[in-house]
Amino acid sequence: MSNATQLIHSIPVDPLTGSISVPIYQTSTFVQEAPGVNKGFDYARTNNPTRATLETIIAQLEGGTTGIAFGSGLAAIDSVLKLLKAGDEIVAVDDIYGGAFRLFTHIYEKFGITVKYVDTTDVENVFNAVSEKTKLIWIETPTNPTLKVSDIAAIAKVAKANRCLLCVDNTFASPALQKPLALGADIVVHSATKYLGGHSDLIAGLVVTKEQELGDKVKFIQNASGAILAPFDSWLVIRGIETLHLRVKQHCANAQVVAEFLQDHPLVDKVFYPGLPSHPNHEVAKKQSTGYGGIVSFSLKIDTEEAATRFITSTHYFKLAESLGGVKSLLCHPATMTHKSIPADKRRAAGVADSLIRLSVGLEESADLVNDLSQAFEVLQKQPAASVSAVSATT
Ligand SMILES: *Cc1c(COP(=O)(O)O)cnc(C)c1O
């Protein structure tokens, strides 16, 4: 059975009514026959049938034992961090999602958890950074927004040897392209807001663990802390997942066309897309995933915020917005938007140039997307960027 068929048929038909769509159990509590005697549900923070269905689907899709659905990707990440205690250390990818950096540095360092940021594309760096205090290795691959790819299997070996957990933020690849648990990771997290939801209409997060025992710990944390996903939003994620393989296939095909166009454009400095043979981690990406995703970043020859601002306010189909992974193409300027919370020197050191633009390539016809970018470059050439004032940041 193909992956797509397996996924579609892992979404159950309701045994009670035959409903082909998963029912939304909009309830806070469940009537019990006697104290503790119930139908597997007692209070909807602890468990809800709609959420439980999503959790089973994502666990199967990622090849894990336990799925846990949260109110946002960051709530999912937060619950994984709560596995740690004061004195523990995290070794994390340097090109990390801005919100994760903010959580690690501004919340968890306060509680005595330290974080070392390293370039995880070279496994040697990870090997050299881990110590006996390291309890968690945290990678995103591909990263946001410079699409660096780290070797999951190689880093998993370092984690095992050091007896610490490896968590992979699999948001950019999605399980349609990459299965970190099969490569040796212990935990996968998702911002289901992106490709899994797929329609830019919800905020959600997911955790999947390889081992049941670890899953039970995260479930305990979720019930204790309360960051659950609501029944309706759980249903929306299930609905999004139904078309995951189809959408991701088209995202990948469109992104490849866009990346190749950018690569040849005279106003472009660098293009970041793992599907280009010139990408420094192309071989690793090829080895561990079945496609290269829908995100393409590029920097301009005129490396200024003003030039980037001129470009991102000149496209028609690519809408200027935070987020990614939806049907409509989006673009953003990490330096002033998603990565604003990372200090400028750290941001630049991680390869996020002042002019870097990130595209979330949507499901439009690729020729229309290329034309849109092409006319934005013409605008950039005609009107010097210096005359444009910077757009205000929103995150
Ligand atoms: C968006 C995103 C998150 C955070 O998810 P939210 O759903 O916005 O809380 C985490 N990691 C990555 C890679 C993301 O793109």
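Residues numbered from 1 in each chain as written. Predicted model: local features only at pLDDT ≥ 70, side-chain atom pairs only at ≥ 80, totals over all residues. Heavy atoms only, no water.

Chemist: Hey, could you run me through the layout of surface pockets in this one?
Modeler: Over the atoms, a rolling probe the size of a water molecule traces out where space has been left empty. Estimates place the volume of the largest pocket at around 420 Å³. The wall of the largest pocket is formed by 26 residues, among which Leu74, Tyr97, Ser191, Thr193 and Lys194 lie closest to the centre. Broken down by secondary-structure element, the contributors of at least two residues to the lining of the largest pocket are α3 (73-81), α4 (98-108) and β6 (187-191). Considered class by class, the residues forming the lining of the largest pocket number eight nonpolar, twelve polar and six charged. (1 Å grid on protein atoms, 1.4 Å probe; cavity = no way out; pocket = protein on both sides within 12 Å on 5 of 7 lines; lining within 4 Å. Points joined across faces, edges and corners; volume = space filled by probe spheres on them. Helix = DSSP H or I, 4+ residues; strand = E, 2+ residues; numbered from the N terminus. Nonpolar A, V, L, I, M, F, W, Y, C, P; charged D, E, K, R; others polar.)

Chemist: I would appreciate a short explanation of the side chain of serine 191 in the present structure.
Modeler: As for its position among the elements, serine 191 is in strand β6. When neighbours within four sequence positions are excluded, serine 191 is seen to be in contact with Gly73, Thr171 and Ala204. (Contact = heavy atoms within 4.5 Å.)

Chemist: Where do I start with the domain arrangement of the chain in this structure?
Modeler: Note on interface size: it is often stated as the accessible area lost on association of the parts. By the assigned domains, the chain splits into domain 1 (3-242) and domain 2 (245-393). Between domain 1 and domain 2, the C-alpha centre-to-centre distance is 27 Å. Each partner contributes residues to the interface: domain 1 has 38 residues there, and domain 2 has 38 residues. Remark: the boundary between domain 1 and domain 2 carries one salt bridge. Our count for the contact surface shared by domain 1 and domain 2 stands at 14 residue pairs in polar contact (both at pLDDT 80 or more). Those elements giving two or more residues to the side of domain 1 that touches domain 2 turn out to be α1 (3-9), α4 and α8 (231-241). Of the residues that constitute the side of domain 1 that touches domain 2, the class distribution is 17 nonpolar, 15 polar and six charged. (Domains from an automatic or database assignment. Salt bridge = Lys/Arg side-chain N within 4 Å of Asp/Glu carboxyl O. Polar contact = N/O pair within 3.5 Å; in protein donor to acceptor, adjacent residues only side chain to side chain.)

Chemist: Where do I start with the sheet that holds β6 in this structure?
Modeler: Strand pairs in the sheet, formed through backbone hydrogen bonds, run parallel or antiparallel to each other. Ordered by their spatial adjacency, seven strands build an open sheet running β1-β7-β6-β5-β4-β2-β3, and the pairing between neighbours is mixed. Looking at which strands have only one partner, the edges of the open sheet turn out to be β1 (66-70) and β3 (114-118). Averaged over all pairs of adjacent strands, the angle between strand axes in this sheet comes to 20°, irrespective of strand direction. Alignment of strand β2 (residues 89-93) against β3, held across five bridges, turns out to be parallel. Across the sheet, alanine 92 pairs through a bridge with tyrosine 117, a residue of β3. Across the face of the sheet, helix α6 (residues 152-161) comes into contact with β4 (134-140) and β5 (165-169) while running at roughly 150° to β5. (Pairing = 2+ DSSP bridges. Axes fitted to C-alpha atoms, helices over the stretch in contact; angles between N-to-C directions.)

Chemist: Help me understand the confidence of the model for the chain, please; the structure alone is not making it clear to me.
Modeler: Overall, the predicted model of the chain reaches an average pLDDT of 94, with 97% of residues at or above 70. Confidence over residues 387-395 falls short of pLDDT 50; this stretch has 16 contacts with residues more than four positions distant or in other chains. (pLDDT = per-residue confidence, 0-100.)

Chemist: Even after reading the chapter, I still don't get the environment of phenylalanine 232, so can you show me in this structure?
Modeler: For phenylalanine 232, the position within the fold is in helix α8. On the accessibility criterion, phenylalanine 232 (42% relative accessible area) is partly exposed. Sequence separation of phenylalanine 232 and isoleucine 96 is 136 residues, and the distance between their C-alpha atoms is 30 Å. Leaving out residues up to four positions away in the same chain, phenylalanine 232 has contacts with Ile24 and Gln26. (Buried < 20%, exposed > 50% of the residue type's maximum accessible area, 1.4 Å probe, protein only.)

Chemist: Got a minute to help me understand the pattern of salt bridges in this structure?
Modeler: Two side chains bearing opposite charge may form a pair once their charged atoms approach each other closely. Within this structure, the stated rule accounts for ten salt bridges. One salt bridge in this structure joins glutamate 55 and lysine 219, with 3.5 Å as the shortest N-O distance. Placement of the pair is glutamate 55 in helix α2 (residues 49-62) and lysine 219 in helix α7 (residues 212-225), with a sequence separation of 164 residues. Taking the relative accessible area as the measure of exposure, glutamate 55 reaches 4% and is therefore buried. Owing to a relative accessible area of 32%, lysine 219 belongs among the partly exposed residues under this scheme. Each of Arg51, Glu55 and Lys219 takes part in salt bridges that share partners, so that together they form one network.

Chemist: What should I look at first to understand the site of the ligand in this one?
Modeler: Contacts to the ligand come from 14 residues, most closely from Gly73, Asp169, Ser191, Thr193 and Lys194. Residue leucine 74 places a main-chain N or O atom 2.9 Å away from an oxygen atom belonging to the ligand. At 2.7 Å from an oxygen atom of the ligand is found a side-chain nitrogen or oxygen belonging to lysine 194. For the ligand, whose unbound accessible area comes to 380 Å², protein coverage reaches 92%. Judged by the fraction of its atoms near the pocket grid, the ligand is located in the largest pocket. The greatest single-element share of the shell around the ligand, amounting to three residues, is contributed by α3. Partitioning the shell around the ligand into residue classes produces six nonpolar, five polar and three charged. (Near = heavy atom within 4 Å. Areas by Shrake-Rupley, 256 points an atom, 1.4 Å probe, with all protein chains shown as cover. Sits in = over half its atoms within 2 Å of the grid points.)

Chemist: Mind showing me how you'd approach unusual backbone geometry here?
Modeler: Most peptide bonds take the trans configuration, and most residues that are not glycine carry a negative phi. For the bond from threonine 141 to proline 142, the omega torsion is -5°, close enough to zero to count as cis. Of note, the bond from asparagine 144 into proline 145 is cis; its omega dihedral lies within 30 degrees of zero at 5°. Relative to the helices and strands, proline 145 resides in the loop between β4 and α6. Phi angles above zero are rare outside glycine, and leucine 147 is one such case at about 55°. Counting through the fold element by element, leucine 147 comes out in the loop between β4 and α6. For serine 174, which is not glycine, the phi dihedral falls at a positive 70°. One can find serine 174 in the loop between β5 and β6.

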